[in-house]
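What the coordinates show
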Amino acid sequence: MEKTTTYTKHFFALSVLLVVVFFGNISLGSVSIPLKEVAKALFYLDTEKASWAFIIQDYRLPKALTAIMVGAGLSVCGLLMQTLFRNPLAGPFVLGISSGASLGVALLIMGASGLGGVFAALLLSKWSLVIASSLGSMLVLLAVLAVTVRVKDTMAILIIGLMFGSVTAAVVGVLAYFSPAEQLQQYIFWSFGSLGNNSWEGMLVLSICFLIGIVLSILTIKPLNALLLGENYAKSQGLHIAKSRLLILIATCILAGAITAFAGPIAFIGLAVPHITRQVFTAANHKILIPAVLLSGAVLMLVCDSIAQVPFTDYTLPINAITSLVGAPVVIWLLVRKRKLLF
Amino acid sequence: MSNPENYTLQTNNLSIGYFHKSGNHVVAKDLNFSLKSGELVALVGSNGIGKSTLLRTLCKVQKSIAGDILLNGESLQNYSFESLAETLSVVLTEVPASKNMTVGELVALGRQPYTNWLGTLTQNDITHIMEALRATEMTSFKDRKCYELSDGQLQRALIARALAQDTPIIILDEPTTHLDIYHRASILKLLKTLSKNKTILFSTHEIDLAIQLSDKMVVMTPEKTFFGDPCELIEEGCFSALFPKNLIDFDGETGSFRIVK
């Protein structure tokens, strides 16, 4: 029944792992900084070189915190979607959220080239990218939510989300075809995803969205558990299906929309983390799964980011490629070993 | 509403079916039956006669076309989903969407109408869950995952979930499908035991088993729906009207169907 107590050890181990990975992530980078100095910089004490404090406080710390929010947020989205759509393959992007964000960014980058000159340069500031991708994902999500009001069948909503995704991807394709190479390159760099470009102001916006999304997810724990039985059983237990579904979708939209806006479309984390977590936490109860998925998502994202920055070199690999390289084999391995993905 | 004989589930001239713009499609009409606490009631009829439609209407999943449904003397329309969940629980033909739950977790979900916003179980909830597991002889399977269970065990677990919901009425849609004769009989015996202080209505194709075990029966035939004591219904010849007579016929002496040779 209530197996919360037996997972205390797991949660403790995972929290320790998170702290270790967090410090590991911050101490690794293109500039090698002694661990003692890293710790000093983190507590805002004087470091040997002033530049080290700057690197840690204004670059690595926001990047690590962004990684935590991105990993944790996308993983919770994945869990919510898998339960809502009764489909182990569902992730935060099945509803066309990333496609919507891509459309917004593509319109901005490639559309701005048509305007030319100073105006284009003004449009292409970092904030305009964030706003464009948020608007894009919001647009697709509003369309999906509008459909949800009319369509009662959850599977139909899933398919409609995929269709919206295809349409926006096609529009992006057409835009890309007519764009000059320079703009195309800029768009492709955005689609690689990035955790590093976040300022402290950006962090504030992302944190607010993250907190709202997580609070909403916690409010959906009971409906999510009821939905494990299927919608008809859930209804017979007094659950308002439409209201719960809306709440779950809004939580996903806020989390995935904000994260995609700041970090670009990050693949696979949302799909893979819930499945990896379920290998350790065998409970189906979301009261255990949501915090478990939050922690594991943050750990995995920090690890991926540490790999992506290729320690002690000047190279930074696209984070999106790393998450796919880590995520896809894990899902394949789970399928081969278990032959069945449960949710 | 007057309720002199303490009926828990009553229908008055109920018509069931589907609403269409071009005229409503009535599946069955003039349904009249009154069920009391302590009764095990079987609902029989051929495929497509409207058994599932009737059960769905009784559970407020779909609207009735005409007539009334009374639960404990109160019209079904006046029930909110929350209060209905404390009056009526169901066992459907569908399996749970997630089979990754343990039997204990599955049964615990039956307590949702009573738990707080986070679904925290109180000592009272746990008592009900253990009692439901005991009554269905599923206690030893408490920590088993649903995908590890046989069809018969899963059906018992689903019945335990409905029991944990602690409602005076339980409605089951074909609880004996996919089971062999032994497990069919054991599920029906279980329902018989459970019906001591509840009203249990179940649809089934096991007409001969239902005749032996149930207190009352609702027999849906194309012309008319009968309600009454199984023996009286046999005497009235209701069961012969269930199916076209060119292939099978009902033998009143043995209470079973025979293929016409």
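For every chain, the first residue of its written sequence is number 1, and the numbers climb from 1 along that sequence. Working convention: letters from A go to chains and numbers from 1 go to ligands, in the order in which they are written. Reporting in this predicted model follows two pLDDT cut-offs: at least 70 for local features of residues, and 80 or more for side-chain atom pairs to be given and counted; totals over whole chains, interfaces and linings ignore these cut-offs and use all residues. Values shown for side chains rest on all heavy atoms present in the structure; no hydrogens or waters enter the calculation.

1. Digging into the overall build of chain B
Starting at the N terminus, helices and strands are each numbered in turn, a helix being any DSSP run of H or I of at least four residues and a strand any DSSP run of E of at least two. Helix and strand content of chain B: eight helices and twelve strands. Two things to know: the radius of gyration comes from C-alpha atoms, and the globule rule equals 2.2 Å times the number of residues to the power 0.38. Here the C-alpha atoms of chain B give a radius of gyration of 19 Å, agreeing with the 18 Å that 2.2 N^0.38 yields for 261 residues. Projected onto the principal axes, the alpha-carbon positions of chain B cover approximately 55 × 45 × 40 Å. Each residue gets one of three labels from its accessible area relative to the maximum for its type: buried under 20%, exposed over 50%, partly exposed in between, using a 1.4 Å probe on protein chains only. Put simply, chain B has 261 residues, and 53% of those count as buried. For chain B, restricting intrachain contacts to residue pairs at least 6 apart in sequence, the fraction spanning at least 24 positions comes to 64%. Each accessible area is a Shrake-Rupley estimate made with a 1.4 Å probe; only the visible protein chains count as cover when residues are assessed. For chain B, the exposed surface amounts to about 12100 Å²; the carbon and sulfur share of it is 49%. Only heavy atoms enter the contact rule, under which two residues are in contact if any of them lie within 4.5 Å.

2. Regarding the interface of chain A and chain B
Listed by partner, the interface residues are 29 residues for chain A and 39 residues for chain B. We count a salt bridge whenever a side-chain nitrogen from Lys or Arg sits within 4 Å of a carboxyl oxygen from Asp or Glu. At the junction of chain A and chain B, the tally comes to zero salt bridges. Think of a polar contact as two N or O atoms within 3.5 Å of one another; within protein, one of them needs to be a possible hydrogen donor and the other a possible acceptor, and neighboring residues in sequence only count if both atoms come from side chains. Linking chain A with chain B are 15 residue pairs in polar contact (both at pLDDT 80 or more), by the criterion used here. Counting residues per element, the ones that place at least two in the side of chain A that touches chain B are helix H9 (200–219), helix H10 (221–227) and helix H11 (231–236) of chain A. Top contributing element to the side of chain A that touches chain B by residue count: H10(A), with five residues. Basically, the charged four are Asp, Glu, Lys and Arg, the nonpolar ten are Ala, Val, Leu, Ile, Met, Phe, Trp, Tyr, Cys and Pro, and anything else, Gly included, counts as polar. Taken together, the residues that form the side of chain A that touches chain B break down as 13 nonpolar, nine polar and seven charged.

3. A look at the pairing of strand E12 (residues 256–259) of chain B
Here is the key point about a regular strand: its side chains alternate between the two faces of the sheet. Strands are labelled as partners when DSSP assigns at least two bridges between them. In terms of strand pairing, strand E11 (residues 248–251) of chain B meets E12(B) through four bridges, oriented antiparallel. By the bridge assignment, B:Asp251 is partnered in E12(B) with B:Ser256.

4. Considerations on the domain arrangement of chain B
How big an interface is tends to be stated in terms of accessible area lost as the parts join. All names here are of chain B. Boundary definitions for the domains trace back to an automatic or database domain assignment. Here the domain parsing of chain B yields domain 1 (1–87 + 168–261) and domain 2 (95–166). For domain 1 and domain 2, the distance between their C-alpha centroids amounts to 26 Å. Residue-level contacts link 14 residues of domain 1 with 13 residues of domain 2. Where domain 1 abuts domain 2, roughly 1200 Å² becomes buried across the two surfaces, and 66% of that area is made up of carbon and sulfur atoms. Counting across the interface, domain 1 meets domain 2 through zero salt bridges. Defined in terms of a 1.4 Å probe, buried area is the accessible area two parts forfeit on being brought together, summed over both.

5. Regarding the packing of helix H1 (residues 8–27) of chain A against helix H2 (residues 35–42) of chain A
Residue and element names in this part refer to chain A. For every element, the axis is a line fit to its C-alpha atoms; helices are fit only across the contacting stretch, and the angle between N-to-C directions ranges from 0 to 180 degrees. Following both chains from N to C, one finds H1 and H2 inclined at 105°, their axes separated by 10 Å at the closest point. Considering the angle they form, H1 stands roughly perpendicular to H2. Every residue of H2 that contacts H1 at Phe-23, Ile-26 and Ser-27 is listed here: Leu-35, Val-38 and Leu-42. For the contact of H1 with H2, the class distribution of residues is five nonpolar, one polar and no charged. Oblique is the label for any angle not under 35 degrees, not over 145, and not in the 65 to 115 range, which are roughly parallel, roughly antiparallel and roughly perpendicular in turn.

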